[in-house]
2 protein chains.
Amino acid sequence: MTTPPPDPRTAGSPEPLTYAAAGVDLAAAEAVVARIRPHVERTATEGVLGSVGGFGGLFALPGRRWRNPVLVSAADGVGTKIEIARRMGRHDTIGVDLVAMVVDDLVVPGAKPLFLLDYIAVGRLDPAAVEQIVAGVADGCERAGCALLGGETAEHPGVLAADSYDVAGFGVGVVERDALLGPQRVSPGDAVVAMASTGLHANGYSLARRITEGMDLDDDHGLRLQSLGEALLRPTRIYCVDCLDLVANTEVHALCHVTGGGIAGNLPRVLPAGLGAVVDTTTFTPPMVFEVLRRAGRVPDDEMWRTFNMGAGMLAIVADGREAVEHLRGRDVDAWVCGGVDTSGRVRLAGLGQGRR
Amino acid sequence: MTTPPPDPRTAGSPEPLTYAAAGVDLAAAEAVVARIRPHVERTATEGVLGSVGGFGGLFALPGRRWRNPVLVSAADGVGTKIEIARRMGRHDTIGVDLVAMVVDDLVVPGAKPLFLLDYIAVGRLDPAAVEQIVAGVADGCERAGCALLGGETAEHPGVLAADSYDVAGFGVGVVERDALLGPQRVSPGDAVVAMASTGLHANGYSLARRITEGMDLDDDHGLRLQSLGEALLRPTRIYCVDCLDLVANTEVHALCHVTGGGIAGNLPRVLPAGLGAVVDTTTFTPPMVFEVLRRAGRVPDDEMWRTFNMGAGMLAIVADGREAVEHLRGRDVDAWVCGGVDTSGRVRLAGLGQGRR
């Protein structure tokens, strides 16, 4: 070791410092590993090969099965829905939202999700809380049919409050190049099919939190059978398995994951230049939580539709709307034809403000 | 929309609420997208196909080139090195550290990094600061030869302080199944080759920050030519390109990314059951920043070696140590034989505490 000259300005510590004395709890880190292992293991799929010393997760992609495989990858978080989880003291469902945000981006071009990795940053490492979070991620992976291949849990005492945390998810899927869905397949006359959402999913929470700041989350506020907090925390529906089945059995041209910005913000992303669509908002039956938020925040109707999914978390643009709806309903997915593709060049939401209040 | 019965307990807002009024700055979000685009574009490699409406990044993996491709994936952060960046007010190098942490995990089983995605959580969305962070990520991707395929920037006003942020990286690489490196290839008599580090890389910062809490980061503290802050913020060396070249040209059995836990914590992860290794610490010339930390914190020698990389950020376990060192030096990588594999069943650090002070 090269020894620099002594420096009288270097204060020095009164006691010798160690990693443990600096606040890093290695026992807690080991406890986390032990607690999350069974959750990771229950998501293992055919391709999982384990890892080399844990440096990276290994996943076999059988080369013969794929002619021109395209890997699709997405990263996402759950926004400030986490703060609702914190207010409710319940952390085993945020992971489902996280997986949903990622895998339902992967399925948009038609990819089958293969695996997911999570990143969890915590203020203070509480093994039981981290286990809850990872259990939710594993639940989501099971629903999506993908493996939880790895992840990282980071303790950031200076950056996050002790009971605060953040999660990010990263997923990889695969699709044959000549099977890619997207704008290039969409034509005027295609039907737009909506698939029902379970509530806000993981978007619009900055607005929802602002509206509900002074409201009692334990009260039902007219929601019947559930509290406002339960409605706001309700896990995101995961669509990818049903979407892939729809793609395999009917003529699907594009899929649209309705996230931040709502239908108006997302549907244009999967339409080719020059084409547009009309979506009839009167065909929607938004979960009641949206009406509670609209009233309490006196949110204008068009702002509701620009911020929230308003009852449909995934859209499919298909050749035959009725066939698609029947197929989805056969799989217990509440679906309906909500509009159609035209040559208007823009997405219009029809029927806003009609027949209500 | 289903209308629930009016609820007198629902307070309601005095003014109608919108997404913008709730503190979400859509203009800033658009500015971020515009600012990071050129950085993303300069990392584009052959496989990048763009994306479908930005829902997921697409990367073509030519099927004919791979017989039995194994995807390798890793997620990581940079720990609390971010707090050093914040104290220094410099955010364009943390991205290099992030890429290094991820891609040099991917190369451990011998995988070529294909692409990376980043997740950035900020307290308040400052487009210029986010651009600095992403510029660093793009720099790292260029050095690693991988594409920045996507990412997510999340604003968490309630969770992170306005000037605070966190980053996570996710990467995917590919390796032929029959070319996987790892413990199964390691034999007694193999040489352990060390590759020089640039400093702490992104590990041990909880201890380093604790030691340097009261120290002036702008002062050199005997480091010569650089301040303590510069030495602590120095970007991590990225080894994957040199490692892959070494693998292609010499007989490499395993690679070991020296991260948290140092050599003692990481080398056992790539040794098979029953084998061990001796690493001669007197062959190391740790960068001076380690000596400054050791003195200022009065950190015991073995604790230094259990916490920091002490001058070697990557180890290669090879059939011929001299050949590997020559090959690496021919690529301007400072490398040396630091030890060997034996049948002791454990990793020993020899020479600690000798010939110094």
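Residues numbered from 1 in each chain as written. Chains lettered and ligands numbered in written order. Predicted model: local features only at pLDDT ≥ 70, side-chain atom pairs only at ≥ 80, totals over all residues. Heavy atoms only, no water.

Bringing a negative patch on the surface into the picture now. Residues Glu 251, Asp 320, Glu 323 and Glu 326 of chain A make up a contiguous surface patch of negative charge. As for its position among the elements, Glu 326 of chain A is in helix 11 (residues 321-330). (Patch = residues over 30% accessible without salt bridge, like charges linked within 9 Å, V, L, I, M, F, W, Y side chains within 5 Å. Areas by Shrake-Rupley, 256 points an atom, 1.4 Å probe, with all protein chains shown as cover. Salt bridge = Lys/Arg side-chain N within 4 Å of Asp/Glu carboxyl O. Lys, Arg positive; Asp, Glu negative; His and termini not counted. Charge placed at Lys NZ, Arg CZ, Asp CG, Glu CD. Helix = DSSP H or I, 4+ residues; strand = E, 2+ residues; numbered from the N terminus.)

The end-to-end C-alpha separation of helix 3 (residues 94-106) of chain A is 19 Å, in line with the 18 Å expected for 13 residues at 1.5 Å each. Judged by how many residues are buried, helix 3 of chain A sits mostly within the fold: 13 of 13 residues are covered. (Expected span 1.5 Å × (residues − 1). Buried < 20%, exposed > 50% of the residue type's maximum accessible area, 1.4 Å probe, protein only.)

Attention now goes to the interface of chain A and chain B. Across the contact, 113 residues belong to chain A and 113 residues belong to chain B. With both chains or domains summed, chain A and chain B bury close to 9000 Å², and 62% of this area falls on carbon and sulfur atoms. The tally of links between chain A and chain B comes to 16 residue pairs in polar contact (both at pLDDT 80 or more). It is strand 3 (residues 69-77) of chain A that contributes the most residues to the side of chain A that touches chain B, nine residues altogether. When grouped by side-chain class, the residues that make up the side of chain A that touches chain B number 57 nonpolar, 31 polar and 25 charged. When strand 3 of chain A meets strand 2 (residues 57-60) of chain B, the two strands line up antiparallel, connected through four bridges. (Contact = heavy atoms within 4.5 Å. Buried area = accessible area lost by both parts, 1.4 Å probe. Polar contact = N/O pair within 3.5 Å; in protein donor to acceptor, adjacent residues only side chain to side chain. Nonpolar A, V, L, I, M, F, W, Y, C, P; charged D, E, K, R; others polar. Pairing = 2+ DSSP bridges.)

Turning our attention to helix 11 (residues 321-329) of chain B. All names here are of chain B. All buried positions along helix 11 are accounted for by Gly 321, Ala 324, Val 325 and Leu 328. Down the axis, helix 11 shows its buried residues gathered within 100° of arc, on one side only. With respect to the buried face of helix 11, the exposed residues turned more than 90 degrees away are Arg 322 and Glu 326. Those residues of helix 11 hidden inside the fold are in contact with strand 7 (191-196), helix 7 (240-249), strand 10 (312-318) and strand 11 (335-342). (Arc of directions from axis to C-beta.)

So, on to the domain arrangement of chain A. All names here are of chain A. Once the domains are mapped, chain A shows domain 1 (26-47 + 67-179) and domain 2 (183-350). Measuring from the centre of the C-alpha atoms in domain 1 to the corresponding centre in domain 2 gives 23 Å. Contacts between the two partners involve 29 residues from domain 1 and, on the opposite side, 31 residues from domain 2. Summed over both partners, the interface of domain 1 with domain 2 comes to about 2400 Å²; 68% of that surface belongs to carbon and sulfur atoms. Inspection of the region where domain 1 meets domain 2 yields zero salt bridges. Linking domain 1 with domain 2 are 12 residue pairs in polar contact (both at pLDDT 80 or more), by the criterion used here. Of all the secondary-structure elements, those providing two or more residues to the side of domain 1 that touches domain 2 are helix 2 (81-88), helix 3, strand 4 (112-122) and helix 4 (127-144). Looking at the side of domain 1 that touches domain 2 element by element, the count peaks at eight residues for helix 3. (Domains from an automatic or database assignment.)

As a further point, take the pairing of strand 5 (residues 147-155) of chain A. Where strand 4 of chain A and strand 5 of chain A come together, eight bridges link them in parallel fashion. From the neighbouring strand, Leu 117 of chain A faces strand 5 of chain A, where its bridge partner is Gly 150 of chain A.

Considering all chains together, one arrives at nine aromatic pairs over all chains under this definition. Measuring from ring centre to ring centre gives 4.8 Å for Phe 170 of chain A and Phe 170 of chain B, while their planes differ by 5°; the resulting arrangement is stacked. Taken as a pair, Phe 170 of chain A in strand 6 (residues 165-176) and Phe 170 of chain B in strand 6 (residues 165-176) lie in two separate chains rather than in one. Neither residue differs from the other here; Phe 170 of chain A and Phe 170 of chain B are each classed as buried. Centre to centre, the rings of Phe 284 of chain A and Trp 336 of chain A are 5.2 Å apart; their planes meet at 90°, and the pair counts as edge-to-face. Of this pair, Phe 284 of chain A sits in the loop between strand 9 (276-280) and helix 9 (288-297) while Trp 336 of chain A sits in strand 11 (residues 335-342); the two residues are 52 residues apart in sequence, bridging distant segments of the chain. Neither Phe 284 of chain A nor Trp 336 of chain A differs from the other in exposure class; each is buried. Three or more aromatic residues link up through ring pairs in this structure, and these residues are Phe 284, Trp 305 and Trp 336 of chain A. (Phe/Tyr/Trp six-rings, centres within 6.5 Å; stacked < 30°, edge-to-face > 60°.)

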